[in-house]
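# A structural walkthrough
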Amino acid sequence: MGSAGAVYAVQHDDGTTPQAEQQSSLPTKSVVRTDVVNTTEIDGALSYRGSYTVLAESSGRLTWLPGSGDVIRQGKRVFEVNGRAVPLFYGSVPLWRELKLGMSDGRDVLQLERNLQALGYGSYLTVDQTFSTATRTAVKAWQDALNVTENGVVKPGDVVVQRKAIRVTEVKALLGAPASGNVLTASSTERRITVDVPVSDQDIAKKGAKVRVTLPGKKTTEGHIVAVGKVATAGTSNSQSQTGQGTQDATIPVYIELDKQSSAGDLDRAPATVGFTSTEHKNVLTVPINALLAAGSGYRVIVVSAQGETRSVRVELGIFDGDDVEVKGDLREGMKVQVPRS
């Protein structure tokens, strides 16, 4: 939550507020016009996004495997079968048939041509759903670079298809094992933060909204909400819990991406604190929280003139933002108010 700070009460024994001194001997701070934001802070966890299973489909044996934490990008080998690299292609359509001249049109052909062109093969290609002679020529050039048979045919198992670059999380297979089935699991290369937000506070989480993130070492960075879950999870309860407590403490998951992925360094599975904006007021007057004086049921500040003369001004409080608070009253930007000595 936004810090409420300390409010200093100055009162007589009968509860009334004394008149301010005519000359100020205390430090002062300026009244500032600015935007203020009240934040709600909730703890979450930083981790790499997604979990994918990478399969092999070959009659050979595995002769090379990556290591955990390795990042594999378009065109780079994911593993080797009988000494032949099986590279990564970007896309969403698994290879389910041989891609070759004379085949019927399809999205899998379009996917192949997009990858060939992105890797520098076939700049002359017409990227569409038709496997043309130009497509076969580009495939042969790609096969030549891989040092495999240049037959112009791409079979299921010749490449691994994933939507984007992957980061290896766990290698499941062993060197020398048959090249079939689950070889490894992977995640995306992008990290995100998952925060379980109480259902009672879900209004603070809006898709696209900016958030402030605090990482280990008190490092702060910016992020934005990319998704808000719709399925609530009951809060923790046990035999001592009151009836309905699980419902009352229920949460929904909120997913946050960092604006700069590099700001998290090498962190993975790390705690993170997310500051959600719950209220924002623009172009308002603020004073330091420690300038407030309790006066009966309200608050005052002591305004100090350029000559050092003081007067007491009643103020109405708005929202708190760190060490400052929004105020309304007989004040102007640039006025000086008393604050306690530090």
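These notes cover the structure that comes with them. Predicted model only: the values in this text are computed from it and were never measured.

Right, let's get into the layout of surface pockets. Over the atoms a probe the size of a water molecule is rolled, and this reveals where empty space is left. Here the largest pocket defines a volume of roughly 420 Å³. Mapped by element, the contributors of at least two residues to the lining of the largest pocket are β4 (52-64) and β8 (160-162). For the lining of the largest pocket, the leading source of residues is β4, giving six residues. Its residues assigned to classes, the lining of the largest pocket shows 13 nonpolar, six polar and four charged.

A few words on the packing of helix α1 (residues 107-118) against helix α2 (residues 133-146). Put simply, α1 and α2 touch, their axes get as near as 10 Å, and they point 50° apart. With respect to their mutual orientation, α1 and α2 come out oblique. In the crossing of α1 with α2, the sense of the turn from one axis to the other is left-handed. Here Leu112, Glu113 and Leu116 of α1 lie close against α2, whose contacting residues are Thr135, Ala138, Val139 and Trp142. For the contact of α1 with α2, a count of residues per class yields five nonpolar, one polar and one charged.

With respect to the helices, strands and loops of the structure, Thr214 is situated in strand β12 (residues 210-215). Residues Thr214 and Thr273 lie 59 residues apart in sequence; the distance between their C-alpha atoms is 5.0 Å. Those residues within four positions of Thr214 in sequence are excluded, and the remaining contacts are Lys219, Thr220, Ala272 and Thr273.

In spatial order, the strands read β5-β9-β10-β4-β6-β7-β8; together these seven strands make up an open sheet with mixed pairing. Edge positions in the sheet fall to β5 (71-72) and β8, since each has one partner strand and no second. The pairing of β5 with strand β9 (residues 166-171) spans two bridges and is classified as antiparallel. The partner of Val71 across the bridge, within β9, is Arg167.

Definitions and cut-offs
Residues numbered from 1 in each chain as written. Predicted model: local features only at pLDDT ≥ 70, side-chain atom pairs only at ≥ 80, totals over all residues. Heavy atoms only, no water. 1 Å grid on protein atoms, 1.4 Å probe; cavity = no way out; pocket = protein on both sides within 12 Å on 5 of 7 lines; lining within 4 Å. Points joined across faces, edges and corners; volume = space filled by probe spheres on them. Helix = DSSP H or I, 4+ residues; strand = E, 2+ residues; numbered from the N terminus. Nonpolar A, V, L, I, M, F, W, Y, C, P; charged D, E, K, R; others polar. Axes fitted to C-alpha atoms, helices over the stretch in contact; angles between N-to-C directions. Parallel < 35°, antiparallel > 145°, perpendicular 65-115°, else oblique. Left-handed = near helix turned anticlockwise from the far one by under 90°. Contact = heavy atoms within 4.5 Å. Pairing = 2+ DSSP bridges.

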